[in-house]
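# Structural features, examined
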Amino acid sequence: MTDLSHLDDSRPFVAGPGFLDAVGRRARSLRRRRRVVRGAAGGAFALVAAVGVLVAAWRPDTVDVVTPGDGRDDVVTVLIAGTDTCTGDPCPDDTRSGDGGFADTLMLVRARPADGTIDVVSLPRDLWVPPGDLGGTDGRKVSALDTTQRLAYLAERFGLGVDHYVELDMTGLVELVDAVGGVDLDVAEPVTDQGSGLRVDRAGCQPFDGRRLLALLRSRHLRFGDGRTDPTGDLGRVARQQQVVDAVLRRMAADPDAGGRLPKLVAAVIDHARVDPSLDVATLVGWGRELLAADALEVRVGTLPVTPGGTETQAWLTSDAADPWASLGAGSTSPLVETCP
Amino acid sequence: MTRAQPPTDDELAALAVVAYRVAFRLTGVRADAEDVAQEAVARAVVRWGSVAGYAEAWVARVASNLALGLLRRRARRPIESPSHAPDPFLDDRLDLASALRRLPRRQREVVVLRYLADLSERQVADRLGCSTGAVKTHASRGLASLRVHLDVATLGGPE
């Protein structure tokens, strides 16, 4: 019988009044810190709002879609699309520049700001949408749909009323990550990818800035030290994306300098995102504040369960899932990267 | 969902015992384990509304993360502490911590809750929102992975 009790303290621990008093003090100080961060973030928001009045461009570009919403106040559902468009400089060789973009990454996010819980379900880009679900005669991969179709598909297929839509380009992601000061990821083994330019020389916990993280996320042809290639394909990439999302969110929540970072965070999104018309700066800042003030963020990730399918010329993935959130908590399969403990 | 009642001292004391157990098994140092337990329980207090239903599992996880973080920072700058009596299990603890870090997240979670916190399969299943069968599977896979890295003796003898 596996038993670790030999590692226990020989003296039994009892939480006496002194201990409980200290817990109470610490809890009060944590609550105060939340209010301070909210206050500081509120100050930052006032600044953003003041500047916004003067600078007409302080609004993200909009995508002409209607987000149905789910009619609930305590839960926010957002569809996030990462596009492989680069609007910064320099851009990796194999990217498109300029407007619009192919949705490289699709994540359905459900947040309960009051509880500090965030659920993230990835939709693999090769997910096949049958013709019936679109009301047309041709099936298509979900990544090739336009935004209106994507939202319609989610509503149709899962009865999911999305509250907001956010499309973030690659430069936006790089700036977002740099705005939180980068993230630490635990890499299982050294790896490279010629396509994305990724180069990881050692295993273990190590820092990733925006640029390096982008390379990791874009990697599709990973090669390990002994020449092996990564067999996990798109699902492996999705698992890596989830770990990154988790790491970025936790970094935001754990950051003592949170209030000071908020303006840069918001600016990164505003400049490099397209959003639905109902999403304004005030809401974005509010989300930022909630995340930064969250004391211990609870992030659950999942991937829509899929089975491979397709024809001779095209491979895709199909899904029978009735509830996209059912896959939460199942965990990723042997990811190359994880958040550092 | 109705808001839970604020925690009683007895409830907090019980949580502290769980957090301390996890933290001491990993660090072997009373002061460290107490600090970790205080922090974990305080964080639970602040978000009692959402964790009340599975508070023991929650503080166990927070305590393990805090303890692992502490050990990692210590490894970079070892502290000479003559006031500590030498710990006969120090190597076991460090090996355990490093082996835990290598586990896939879900296995690590289950191993921490079952074998560091000594929670029941039912408690773990409730916390993770899965079946007790799934808990058994994750636990046995986790232990199998740990055994690759650790001495049988560290894990308290053969299964």
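Basis of the calculations
- Residues numbered from 1 in each chain as written.
- Chains lettered and ligands numbered in written order.
- Predicted model: local features only at pLDDT ≥ 70, side-chain atom pairs only at ≥ 80, totals over all residues.
- Heavy atoms only, no water.
- Helix = DSSP H or I, 4+ residues; strand = E, 2+ residues; numbered from the N terminus.
- Buried < 20%, exposed > 50% of the residue type's maximum accessible area, 1.4 Å probe, protein only.
- Contact = heavy atoms within 4.5 Å.
- Areas by Shrake-Rupley, 256 points an atom, 1.4 Å probe, with all protein chains shown as cover.
- 1 Å grid on protein atoms, 1.4 Å probe; cavity = no way out; pocket = protein on both sides within 12 Å on 5 of 7 lines; lining within 4 Å.
- Points joined across faces, edges and corners; volume = space filled by probe spheres on them.
- Nonpolar A, V, L, I, M, F, W, Y, C, P; charged D, E, K, R; others polar.
- pLDDT = per-residue confidence, 0-100.
- Salt bridge = Lys/Arg side-chain N within 4 Å of Asp/Glu carboxyl O.
- Axes fitted to C-alpha atoms, helices over the stretch in contact; angles between N-to-C directions.
- Parallel < 35°, antiparallel > 145°, perpendicular 65-115°, else oblique.
- Expected span 1.5 Å × (residues − 1).
- Arc of directions from axis to C-beta.
- Buried area = accessible area lost by both parts, 1.4 Å probe.
- Polar contact = N/O pair within 3.5 Å; in protein donor to acceptor, adjacent residues only side chain to side chain.
- Pairing = 2+ DSSP bridges.
- Phe/Tyr/Trp six-rings, centres within 6.5 Å; stacked < 30°, edge-to-face > 60°.
- Lys NZ or Arg CZ within 6 Å of the ring centre and 35° of its normal.

### Remarks on the overall build of chain B
Helix and strand counts for chain B come out as eight helices and zero strands. For chain B, the N- to C-terminal ordering of α and β elements is α-α-α-α-α-α-α-α. Counting over 159 residues, chain B shows a buried share of 51%. Taking the contacts inside chain B whose residues are at least 6 apart along the sequence as the reference set, 64% of them involve residues at least 24 apart. Summed over all atoms, the accessible surface of chain B reaches about 7600 Å², with 51% contributed by carbon and sulfur.

### Focus on empty space enclosed by the protein
All names here are of chain A. The tally for this structure, following the rule as stated, stands at three cavities of 30 Å³ or more. For the largest cavity, the calculated volume is near 1100 Å³. Taken together, 45 residues line the largest cavity, and the ones lying closest to its centre are I80, L168, L176, V245 and L249. In terms of residues, the lining of the largest cavity owes the most to one element, helix α6 (residues 233-254), which gives seven residues. Here the lining of the largest cavity is built from residues that sort into 31 nonpolar, seven polar and seven charged. By volume, the second largest cavity amounts to about 50 Å³. Lining the second largest cavity are 11 residues, and of these D104, T105, L106, L123 and R125 sit closest to its centre. Sorting the residues of the lining of the second largest cavity by element identifies β5 (103-112) and α6 as the ones contributing at least two each. For the lining of the second largest cavity, the per-class residue count stands at five nonpolar, two polar and four charged.

### Describing unusual backbone geometry
Among all residues except glycine, the phi angle is most often negative; among peptide bonds, the trans geometry is most common. Residue D118(B) is not a glycine yet carries a positive backbone phi of 60 degrees. With respect to the helices and strands, D118(B) occurs in the loop between α6 (105-116) and α7 (121-128).

### Notes on the confidence of the model for chain A
All names here are of chain A. On average, residues of chain A carry a pLDDT of 77, and 77% of them reach 70 or more. Segment residues 50-57 is flagged for pLDDT under 50; beyond a separation of four residues in sequence, or across chains, it makes three contacts in the model. Counted against residues more than four places away or in other chains, residues 97-101, with its pLDDT under 50, gives nine contacts.

### Section: the pattern of salt bridges
All names here are of chain B. Under the defined criterion, the tally for this structure stands at 17 salt bridges over all chains. Ionic pairing is found between E121 and K136, a salt bridge with its closest N-O pair at 3.0 Å. Within this pair, whereas E121 is found in helix α7, its partner K136 is found in helix α8 (residues 132-149), the two being separated by 15 residues in sequence. The class for K136 is partly exposed, based on a relative accessible area of 47%.

### Section: the packing of helix α1 (residues 9-27) of chain B against helix α5 (residues 90-102) of chain B
Residue and element names in this part refer to chain B. Orientation of α1 relative to α5, taken along the N-to-C sense of each, is 110 degrees, at an axis distance of 7 Å. In terms of axis orientation, α1 runs roughly perpendicular to α5. Contacts between α1 and α5 involve F24, R25, L26 and T27 from the first element and R93, L96, A97 and L100 from the second.

### Digging into the confidence of the model for chain B
Residue and element names in this part refer to chain B. Looking at chain B as a whole, the pLDDT averages 83, with 85% of positions reaching at least 70. Model confidence for chain B, summarised as mean pLDDT per element, is weakest for helix α3 (residues 48-51) at 80 and strongest for α1 at 96. The ipTM, which scores confidence in the relative placement of chains, is 0.86 for this predicted complex, and the corresponding pTM is 0.61.

### Concerning α8(B)
Residue and element names in this part refer to chain B. A rise of 1.5 Å per residue sets the reference length of α8, with its 18 residues, at 26 Å; its end C-alpha atoms lie 26 Å apart and thus fit the reference within 8%. The set of residues buried in α8 consists of V135, H138, A139, G142, L143 and L146. Along the axis of α8, the buried residues cluster in a sector spanning 135 degrees; they form a single face. Packing partners of the buried residues in α8 comprise α5, α6 and α7.

### A look at the interface of chain A and chain B
With 37 residues of chain A in contact, the opposing surface of chain B contributes 46 residues. Counting each side, the surface lost to burial between chain A and chain B is near 3900 Å², with a carbon and sulfur contribution of 53%. Linking chain A with chain B are four salt bridges. The shortest N-O distance in the salt bridge between R108(B) and E338(A) comes to 3.6 Å. Summed over the shared surface of chain A and chain B, the result is six residue pairs in polar contact (both at pLDDT 80 or more).

### A few points about helix α3 (residues 147-158) of chain A
Since one α-helical turn is 3.6 residues long, residues separated by three or four positions face the same way. All names here are of chain A. When the terminal C-alpha atoms of α3 are compared, their 16 Å separation across 12 residues agrees well with the 16 Å that a helix rising 1.5 Å per residue should span. For α3, every residue scored as buried is listed here: T147, R150, L151, Y153, L154 and F158. Down the axis of α3, the smallest arc covering the buried residues is 155 degrees, so these residues share one side. Positive backbone phi, at 60 degrees, marks G159, one or two positions downstream of α3.

### What about the sheet that holds strand β12 (residues 198-200) of chain A?
Note on sheets: strands pair through backbone hydrogen bonds, and any given pair is parallel or antiparallel. Residue and element names in this part refer to chain A. The three strands lie next to each other as β12-β11-β14, forming an open sheet whose pairing is antiparallel. Only two strands of the sheet have a single partner each, and these edge strands are β12 and β14 (223-224). Note that strand β11 (residues 191-193) and β12 share three bridges and pair antiparallel. Residue pairing for β12: D193 is matched across the bridge by L198.

### A short note on the packing of aromatic side chains
Applying the stated criterion across every chain, the model contains four aromatic pairs over all chains. Residues Y153(A) and F158(A) carry aromatic rings whose centres are separated by 6.3 Å and whose planes lie at 70 degrees to one another, so their mutual orientation is edge-to-face. Plain terms: the ring middles of Y20(B) and F24(B) are 5.9 Å apart, the flat faces sit at 20 degrees to each other, and that makes the pair stacked. With Y20(B) and F24(B) both in helix α1, this residue pair falls four residues apart, about one helical turn. Taken individually, Y20(B) and F24(B) each receive the classification buried, so the pair is uniform in this respect. Counting every residue linked through ring pairs, the aromatic cluster contains F13(A), F19(A), Y20(B) and F24(B). One residue, R110(A), lies across the ring of W325(A), its end atom 4.3 Å from the ring centre. The ring of F208(A) carries the charged tip of R212(A) above its face, separated from the ring centre by 4.3 Å.

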